[in-house]
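Structural overview
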Amino acid sequence: MTVTPKLIFLPGAGADPDFWRPVGERLPASWGKVYLGWPGLGHQPSHPDVNGLEDLLGLVEAQMGEGPVDLLAQSMGGLVAMLTALRHPRKVRRLVLSVTSAGLDMKQLGAADWQATYHRNHPNAARWLSDVHVDLSAQLPGIALPVLLLWGDADPISPVTVGERLADLLPNARLHVLPGGDHDLVHQRAAEVAPLIAAHLGRADD
């Protein structure tokens, strides 16, 4: 039996709710879609109830209902998605993760430091983001749900080594590398990644 999933799209630290729209608009119209933004990050206006990572999880949980849902996440949003999947294993059906740490030690895997440039380009972004340090490496092998990993080989912020490490740790993950893809690959190359995502999410629930 084919499941019609509800899709929840999570941006990275850029926080733009429209980041995933080029992909979402190429997926079946019958699939419910929610595009989240992150108040207080990127250029998004702040909200008094959003002051840390736990509050971002709360925004996702508020959209999940009884589930199941599919989470599609880019960069920092992948950490939020992974924490959500760990907290609600029966509500999350499938994951799509693009150029994300997902709770790994990025420096150890050769990732460039992005925070100085980020805060220079987003001077009003909340500073709590710099204090987020989460290590999920020991918990990732327990996540059995299907995961599609999307990476580019021209991304210094989340190099392919990160995707390869996640593919090793997650028991039901598949890594797809886009030649020349950078950190915004799902936005810039939506026409290429949307069919991969549709195939991953549109399979019969098993």
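A few words on the overall build of the protein. Within the protein, the regular secondary structure consists of seven helices and six strands. Across the protein, helices and strands are ordered from the amino to the carboxyl terminus as β-α-β-α-β-α-β-α-β-α-β-α-α. For 206 residues, the compact-globule formula gives about 17 Å, and the C-alpha radius of gyration of the protein, at 16 Å, lands near that figure. Overall, the protein is about 50 × 35 × 35 Å in size when its C-alpha atoms are taken along their principal axes. Per-residue burial for the protein yields a buried fraction of 51% across its 206 residues. Pairs at least 24 apart in sequence give 75% of the contacts found in the protein among residues at least 6 apart. Only carbon and sulfur atoms are counted for the fraction: they give 50% of the accessible area of the protein, which is about 9,400 Å². For the protein, the separation between the mean place of its 16 positive charges and that of its 22 negative charges on side chains is 4 Å.

This brings us to unusual backbone geometry. Unlike most non-glycine residues, S75 shows phi in positive territory, near 50°. Judged by relative accessible area, S75 falls into the buried class, the value being 15%.

The next thing to look at is the packing of helix 2 (residues 53-64) against helix 3 (residues 76-87). Axis separation between helix 2 and helix 3 bottoms out at 10 Å; the angle between their running directions is 65°. By crossing handedness, the relation of helix 2 to helix 3 is classed as right-handed. Listed contacts from helix 3 to L53, E54, L56, L57, V60, E61 and M64 of helix 2 are M76, L79, V80, L83, T84 and R87. Residue classes in the contact of helix 2 with helix 3 are distributed as nine nonpolar, one polar and three charged.

This paragraph deals with the sheet that holds strand 6 (residues 173-178). On the basis of which strands lie adjacent, the open sheet formed by six strands has the order 2-1-3-4-5-6 and parallel pairing. Taken across any chain shown, the strands that pair with only one partner, and hence form the sheet edges, are strand 2 (32-35) and strand 6. Sheet twist, expressed as the mean angle between neighbouring strand axes with direction ignored, is 15°. In this structure, strand 1 (residues 6-10) lies alongside strand 2, joined through four bridges in parallel fashion. Across the sheet, the residue bridging to I8 is V34, located in strand 2.

The end-to-end C-alpha distance of helix 2 is 17 Å, a good match for the 16 Å that 12 residues give at a rise of 1.5 Å each. Within the sequence span of helix 2, burial applies to L53, L56, L57, V60 and M64. Down the axis of helix 2, the smallest arc covering the buried residues is 100°, so these residues share one side. Elements that come into contact with the buried residues of helix 2 comprise strand 1, strand 3 (69-74), helix 3 and strand 4 (92-98). Remark: G65 follows helix 2 within two positions and exhibits a positive phi of approximately 60°.

Counting residues in each nonpolar core, the largest one holds 69 residues, and the members touching the most others are W20, W38, L41, L95 and I197. When residues of this core are assigned to their parent elements, the largest contribution, seven residues, is made by helix 3.

Tallied over the entire structure, the rule returns three aromatic pairs. Judged by centre distance (6.3 Å) and plane angle (80°), the ring pair of F19 and W20 falls under edge-to-face. Since its relative accessible area comes to 12%, F19 is described here as buried. Three or more aromatic residues joined by ring pairs form one cluster here, namely F9, F19, W20 and Y35. Against the face of Y35 rests R21, its NZ or CZ located 4.1 Å from the ring centre.

Reading the values: the criteria
- Residues numbered from 1 in each chain as written.
- Predicted model: local features only at pLDDT ≥ 70, side-chain atom pairs only at ≥ 80, totals over all residues.
- Heavy atoms only, no water.
- Helix = DSSP H or I, 4+ residues; strand = E, 2+ residues; numbered from the N terminus.
- Rg over C-alpha atoms; globule rule 2.2 N^0.38 Å.
- Buried < 20%, exposed > 50% of the residue type's maximum accessible area, 1.4 Å probe, protein only.
- Contact = heavy atoms within 4.5 Å.
- Areas by Shrake-Rupley, 256 points an atom, 1.4 Å probe, with all protein chains shown as cover.
- Lys, Arg positive; Asp, Glu negative; His and termini not counted.
- Charge placed at Lys NZ, Arg CZ, Asp CG, Glu CD.
- Axes fitted to C-alpha atoms, helices over the stretch in contact; angles between N-to-C directions.
- Left-handed = near helix turned anticlockwise from the far one by under 90°.
- Nonpolar A, V, L, I, M, F, W, Y, C, P; charged D, E, K, R; others polar.
- Pairing = 2+ DSSP bridges.
- Expected span 1.5 Å × (residues − 1).
- Arc of directions from axis to C-beta.
- Core = buried A, V, L, I, M, F, W, Y, C linked by side-chain atoms within 4.5 Å.
- Phe/Tyr/Trp six-rings, centres within 6.5 Å; stacked < 30°, edge-to-face > 60°.
- Lys NZ or Arg CZ within 6 Å of the ring centre and 35° of its normal.

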